[in-house]
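Each chain, letter by letter, is given below.
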Amino acid sequence: MKWVADIKSVSHPFFAKGGMLSDSPADLANEDETKLAQETTSNVAAPAPGVPLPSIPPPVPMKDDTCTYKITYSNIQKPGCAADKCGAKIIYDVSKVEATGASCPSLKGLKVTESVTTDNGCTPGGVKTGAGCDIGDNGEVKNCTDTYAFCTSAANIKEGGCTEIYTQKLFVGGVLAETRTITFKFTKSGGTCSATVDRT
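Nothing here was measured: the structure is a model prediction, and the numbers come from that model.

The next point concerns the sheet that holds strand β10 (residues 192–199). The five strands are arranged β6-β5-β8-β9-β10 in an open sheet whose pairing can be described as antiparallel. Across the chains shown, the open sheet's two edge strands, defined by having one partner strand only, are β6 (133–134) and β10. In the sheet, strand β8 (residues 162–172) pairs with strand β9 (residues 175–189) via 11 bridges, with the strands oriented antiparallel. Note that in β9 the partner of Tyr 166 across the bridge is Ile 182.

Pairing is antiparallel across the open sheet formed by three strands, whose spatial order is β3-β4-β7. Taken across any chain shown, the strands that pair with only one partner, and hence form the sheet edges, are β3 (68–77) and β7 (145–152). This sheet shows a mean twist of 30° between the axes of neighbouring strands, independent of strand direction. Note: β3 against strand β4 (residues 86–100), eight bridges, orientation antiparallel. Looking at β4, one finds that Tyr 73 is bridged to Val 94.

Now for the state of the cysteines. Overall, the coordinates contain five disulfides when judged by the stated rule. A sulfur-sulfur separation of 1.9 Å characterises the disulfide bridge that pairs Cys 81 with Cys 151. Where Cys 81 bonds to Cys 151 through sulfur, the torsion about that S-S bond is close to -75°, and the disulfide is left-handed. Note that Cys 81 is positioned in the loop between β3 and β4 and Cys 151 in strand β7, a separation of 70 residues in sequence.

A few words now on the pattern of salt bridges. For the structure on display, the rule yields four salt bridges. Residue Asp 198 is joined to Lys 78 by a salt bridge in which the shortest nitrogen-to-oxygen separation is 3.1 Å. On the criterion of sequence distance, the pair formed by Asp 198 in strand β10 and Lys 78 in the loop between β3 and β4 is long-range, its members being 120 residues apart.

One can find Asp 146 in strand β7. One buried charged residue, Asp 146, forms no salt bridge at all, with the nearest opposite charge on Arg 199 at 5.6 Å. Within the structure, Asp 146 has its side chain in polar contact with the side chain of Gln 168 (distance 3.5 Å). With near-sequence residues (within four places) excluded, Asp 146 lies in contact with Ile 90, Ile 91, Tyr 92, Glu 114 and Gln 168.

On inspection of all chains with the given rule, the structure shows five aromatic pairs. With centroids separated by 5.4 Å and ring planes inclined at 85°, the aromatic side chains of Tyr 73 and Tyr 92 adopt a geometry described as edge-to-face. In this pair, Tyr 73 sits in strand β3 while Tyr 92 sits in strand β4, placing the two residues 19 residues apart along the sequence. The buried category is assigned to Tyr 92, whose relative accessible area is 1%. Among the aromatic side chains, those forming a connected cluster through ring pairs are Tyr 148, Phe 150, Tyr 166, Phe 184 and Phe 186. Geometry around Tyr 73 places Arg 199 over its ring, the cationic atom sitting 4.2 Å from the centre.

Rules behind the numbers
Residues numbered from 1 in each chain as written. Predicted model: local features only at pLDDT ≥ 70, side-chain atom pairs only at ≥ 80, totals over all residues. Heavy atoms only, no water. Pairing = 2+ DSSP bridges. Helix = DSSP H or I, 4+ residues; strand = E, 2+ residues; numbered from the N terminus. Axes fitted to C-alpha atoms, helices over the stretch in contact; angles between N-to-C directions. Disulfide = S-S within 2.5 Å. Salt bridge = Lys/Arg side-chain N within 4 Å of Asp/Glu carboxyl O. Buried < 20%, exposed > 50% of the residue type's maximum accessible area, 1.4 Å probe, protein only. Lys, Arg positive; Asp, Glu negative; His and termini not counted. Polar contact = N/O pair within 3.5 Å; in protein donor to acceptor, adjacent residues only side chain to side chain. Contact = heavy atoms within 4.5 Å. Phe/Tyr/Trp six-rings, centres within 6.5 Å; stacked < 30°, edge-to-face > 60°. Lys NZ or Arg CZ within 6 Å of the ring centre and 35° of its normal.

Structure follows, in C-alpha cells:
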C-alpha cells in the first residue's frame, strides 16, 4: 500500500529574515514595519495568539493496481510421435486460474489465451494457436487441452541433432499472466533419430 501526504508549507513572520532575531532597536523597528506591511496587504498574516496552525491532512492511500495470476495444469503426458517419425509431443490440460490482488477482475467469463513463437532452431515453421478457453466458476477451466508436437522425418534433422525452442505467452482476459518455454531436443547419429520435450 502506498501513501501520499498533501503537505502544505506554512509561513510565519519569524522566518521572514531567515529565522534570525536581533535585539538591535533598528532591526526591531524594521521587523515591526515588515509585520505591519504583511498585516496590511493580507487579511490573515499569521494566526492570532493561542490559535493553532492549520493541521496537515492525513495521508491518502493510493489504489493498488497489481494483480497476479496463477495457472494450474494437469494430466501432463508425453506420448511421443508415430514410429516412422522423429520428434516428441507434450499434452496437458489447463484446469484452473487463480488471481491475487486488490484490483483483480472477476475471472468468470474471461478467457485463457496464448501466443507462441519459435526460434526455428531445427526447421523453419510457425505455431498456430486456437481461440482460447473460457474460465468458469471459481476459476475452473474445463475441456481445455494443449498439444505441442514436433514430429518430422528423420531426414529433416541434421546429423548431430538440434534444439527447437517455443516461447509461450499465456494471457488471462488479455493480460499477460505467465511465460513458458517448450524445448524440443533432437539427437541424430548415423541415421538414428530421437527427441525429448520439456516445458518449463
